[in-house]
Every structure is written in C-alpha cells, then in structure tokens.
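Commentary on secondary and tertiary structure
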Amino acid sequence: MTDQIEVLSRIAEALERLAPPAAAQVDWLAHPAYVWTGAEARSVPELLAPPLDLLRGIDSQKERVVGNVERLAAGYAAHDMLLWGSRGMGKSAVMRAAIRAAQAAHPGRIALVQVAQEALHGVSALFALLGKVDRQFLVFIDDLGFEEHDGAGPRLLRSWLEGGVEARPNNVRLAVTANRRAIVSRSMSEQDDPINPRDVVDDRLALADRFGLSIGFHNCDQPSYLAIIAGYTEQFGLAFDEHDALEWSRRRGARSGRVAWQYVTEVAGRAGKIV
C-alpha cells in the first residue's frame, strides 16, 4: 500500500509540473493600460501615444474625443464613441493620446483596456470584473468590422451599449474604431430588396446609432498633409522638401497621417536620425 501511495504521489507531482501556471491576478489600479484576451487580462506598464499637439489635420475630431475622455476620467457623464472613416487618419492614435492626456490630468483615475475582435466573446466577463473596481475604464476595440451575415457580433455590441442584461457598468465606456460607419459590411443588394430597401439600410446603421459620439475621419487634403509633416519635422529638427513629400504621397496612392509619418521616417533615415 505504501508503495502505491508513493507512486501516486510521484504521478501527481509530475502532472503538477506539466500543468500551466495559474494566471497571475491583475491589479486593475496599478497600470495605465491592459489587454483583454477574452479570458484574462495582461497589464501594459506604459501606454505609448503621440503628443496631442502632433496630431494635425483632425482638430475637430481630436477636440471631441479629448473632451469626452476627460469627462469620463473626471467621473462625469460620457459617451460611448465610434471613430470611423479613412485608414491612417489617426483614429487609434488620437484615442491613445486622449487617454494619456486624461491620465496626466487625473492620475490613477482612468485606464485603457484594449480588446481584439476575436476576444469579443469574453467582454461580458471583463465588464463583470471592471464594474467592481473604483476606477474609470475605456474599453477600446480597434479596427472592428462584421461581415454581412455575422449576426452574433452586432447583437453583442448592441446589448453592451443599450440596456441588455450584460450592458457595460457605469464606470466603463466603449470606444470603437472602424473603416465603415455602419461597422457591418454593406452591399448593393440592399437596394434590391423588393419590400422596403430603406429598412435594410436602417438596420445596418442601427448599430452605429447606439454610440453617443460617432466621429468621421476623412482623407486629408494637400495642405493638411503637408501641415502634418511640418509638425513632425519641426518636433524632430528635420527639414523636408514639399515637392518630395507630395511625390511620396503620389507613390503611396494616398494622403493621410500614416503616409505623412512614413515620409517623416524616410526623411529621418536619410538624415541619419532616430524618430
């Protein structure tokens, strides 16, 4: 009997060594940002974001985002936000920068929690955790998009935004970026509905309408594109040629904040500098 007990004990010890370690408890008060995997959180010790002054060509959008995040950090009424529109125009950057500014003004009072689209199934569990913490949170879903026949994702998002049993707690607001205002993909077949095509379109836009702030970002014009580059180059002590900058955008086939930054990186590399 003693031998059997020893064998079982050794087997148990071996299985314990093979088992993955238990996930460490996350301190929801200690860090500026977190990543939610769908089942657990990972802390981010430093939130990287450009200074707000460097985000140019989007002044109106920046003002609305910063003001809303400031309200949330202060504990006042604040909106859920949908930032939609052209790629590379600073939707994600302005969100991170606004959080950084609010954290400087209200130390320890607000944190960003980023959630990937594939982790949406676990957001209700995240809300249950955050609702117990004495802190404000902005749950950030970047580059969200649902296909036309994906019904589960939009239904979840609607429930979180408006009164479902798993709605977000009072200390949490949602911020979503998307290339499409409707978030759900749309097609020309919407107009072919023989009964009421307007109903189909309205249903597609119903999800976007649940956000208190819906802010559009559009491709910048030539002066704005050059102003963005000028802001960056002034910050880093670089010189640039406008004709060269415009040629860069023509080769890239777009003018945007992202293309402007890529050009600044090119200029810095030519000058042997780090940005």
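Our subject is the structure listed above.
These lines cover the structure that appears in this document, whether it is placed above or below. Starting from 1, residues in each chain are numbered consecutively following that chain's sequence as written. The predicted nature of this model means local features are confined to residues of pLDDT at least 70 and side-chain atom pairs, given and counted, to a pLDDT of 80 or more, with totals for whole chains, interfaces and linings taken over all residues. Water and hydrogen atoms play no part in the side-chain values, which are based on all heavy atoms of the structure.

**Thoughts on the overall build of the chain**
- By definition, any uninterrupted DSSP run of H or I lasting at least four residues is a helix, any uninterrupted run of E lasting at least two residues is a strand, and each is numbered from the N terminus. On a plain count of helices and strands, the chain comes out with nine helices and seven strands.
- A total of 275 residues make up the chain; the buried ones form 43% of that total.
- The contact definition used throughout considers only heavy atoms, calling two residues in contact when any of these lie within 4.5 Å. A separation of at least 24 residues holds for 73% of the contacts in the chain among residues at least 6 apart in sequence.
- The Shrake-Rupley method, run with a 1.4 Å probe sphere, supplies the accessible areas, and residue values consider only the shown protein chains as cover. When the accessible surface of the chain is split by element, carbon and sulfur atoms take 51% of a total near 14,900 Å². Only protein chains enter the accessibility calculation, which uses a 1.4 Å probe. A residue is then buried if its area is under 20% of the maximum for its type, exposed if over 50%, and partly exposed in between.

**Things to note about the pattern of salt bridges**
- What makes a salt bridge here is a side-chain nitrogen of Lys or Arg within 4 Å of a carboxyl oxygen of Asp or Glu, nothing more. Taken as a whole and assessed by the stated rule, the structure comprises six salt bridges.
- When the shortest N-O distance is used, the salt bridge between arginine 109 and aspartate 134 registers 3.7 Å. Of this pair, arginine 109 sits in the loop between α3 (91-105) and β4 (110-115) while aspartate 134 sits in the loop between α4 (123-130) and β5 (136-141), placing them 25 residues apart in sequence.
- Given a relative accessible area of 60%, aspartate 134 falls into the exposed group.
- Residues arginine 251 and glutamate 247 are paired through a salt bridge, measuring 3.8 Å at the closest nitrogen-oxygen approach.

**Brief notes about the sheet that holds β4**
- Between any two strands, pairing holds if DSSP finds at least two bridges. Taken in spatial order, the seven strands line up as β2-β1-β4-β5-β6-β3-β7 in an open sheet, and their pairing is mixed. Every interior strand has two partners, whereas the edge strands, β2 (41-44) and β7 (213-217), have only one. Put simply, the sheet's adjacent strands are angled 20° from each other on average, direction ignored.
- Across five bridges, β4 lies against β5 in parallel orientation. Lines fitted to the C-alpha atoms define the axes, with helices restricted to the stretch that makes contact. Angles between their N-to-C directions range from 0 to 180 degrees.

**Comments concerning the packing of aromatic side chains**
- By convention, a stacked pair of Phe, Tyr or Trp rings (six-membered ring in the case of Trp) has centres within 6.5 Å and planes under 30 degrees apart, an edge-to-face pair has planes over 60 apart, and any other such pair is tilted. Under the counting rule described, the total for this entry stands at six aromatic pairs.
- Ring pairing ties together the aromatic residues Trp28, Tyr34 and Phe137, which thus form one cluster.

**Digging into the packing of helix α7 (residues 222-236) against helix α9 (residues 257-270)**
- Contact geometry for α7 and α9: axes closest at 9 Å, N-to-C directions at 40°. By the angle between their axes, α7 is oblique relative to α9. α9 is crossed by α7, and the crossing has right-handed handedness. Of α9, the residues touching α7 (which contributes Tyr225, Ile228, Ile229, Tyr232, Thr233 and Phe236) are Gly257, Val259, Ala260, Trp261, Tyr263 and Val264.
- Any residue that is not Ala, Val, Leu, Ile, Met, Phe, Trp, Tyr, Cys, Pro, Asp, Glu, Lys or Arg is counted as polar, Gly included; the first ten are nonpolar and the last four charged. Across the contact of α7 with α9, the residue classes tally to 10 nonpolar, two polar and no charged. In what follows, roughly perpendicular refers to angles from 65 to 115 degrees, roughly parallel to angles under 35, roughly antiparallel to angles over 145, and oblique to any angle outside these ranges. Left-handed describes a crossing whose near helix is turned anticlockwise from the far helix by less than a right angle; the clockwise case is right-handed.

**Some details on the environment of aspartate 27**
- Mapped onto the fold, aspartate 27 is located in the loop between α1 (2-18) and β1 (33-36).
- Note on aspartate 27: relative accessible area 42%, which makes it partly exposed.
- A C-alpha to C-alpha distance of 8.1 Å links aspartate 27 and serine 43, two positions 16 residues apart in sequence.

**Points about the nonpolar core**
- Membership of the largest hydrophobic core comes to 44 residues, with the highest contact counts inside it found for Val65, Val69, Met81, Leu83, Met95, Leu138 and Tyr225.
- In this structure methionine 95 touches Val65, Met81, Leu83, Leu138, Phe140 and Ala175, once residues within four positions along its chain are discounted.
- Throughout, nonpolar core names a set of buried Ala, Val, Leu, Ile, Met, Phe, Trp, Tyr and Cys residues whose side chains join them through atoms within 4.5 Å. Core analysis: the second largest hydrophobic core is formed by 31 residues, Val123, Val133, Val139 and Ala178 among them.

**Digging into the side chain of glutamine 136**
- Counting through the fold element by element, glutamine 136 comes out in strand β5.
- The contact partners of glutamine 136, leaving out residues within four places of it in the chain, are Leu72, Ala73, Gly75, Arg109, Ile110, Ala111 and Asn171.

**A few points about the environment of tryptophan 160**
- For tryptophan 160, the position within the fold is in helix α5 (residues 152-161).
- Residue tryptophan 160 is classed as buried on the basis of its relative accessible area of 1%.
- The spatial distance from the C-alpha of tryptophan 160 to the C-alpha of arginine 173 is 9.7 Å, given a sequence separation of 13 residues.

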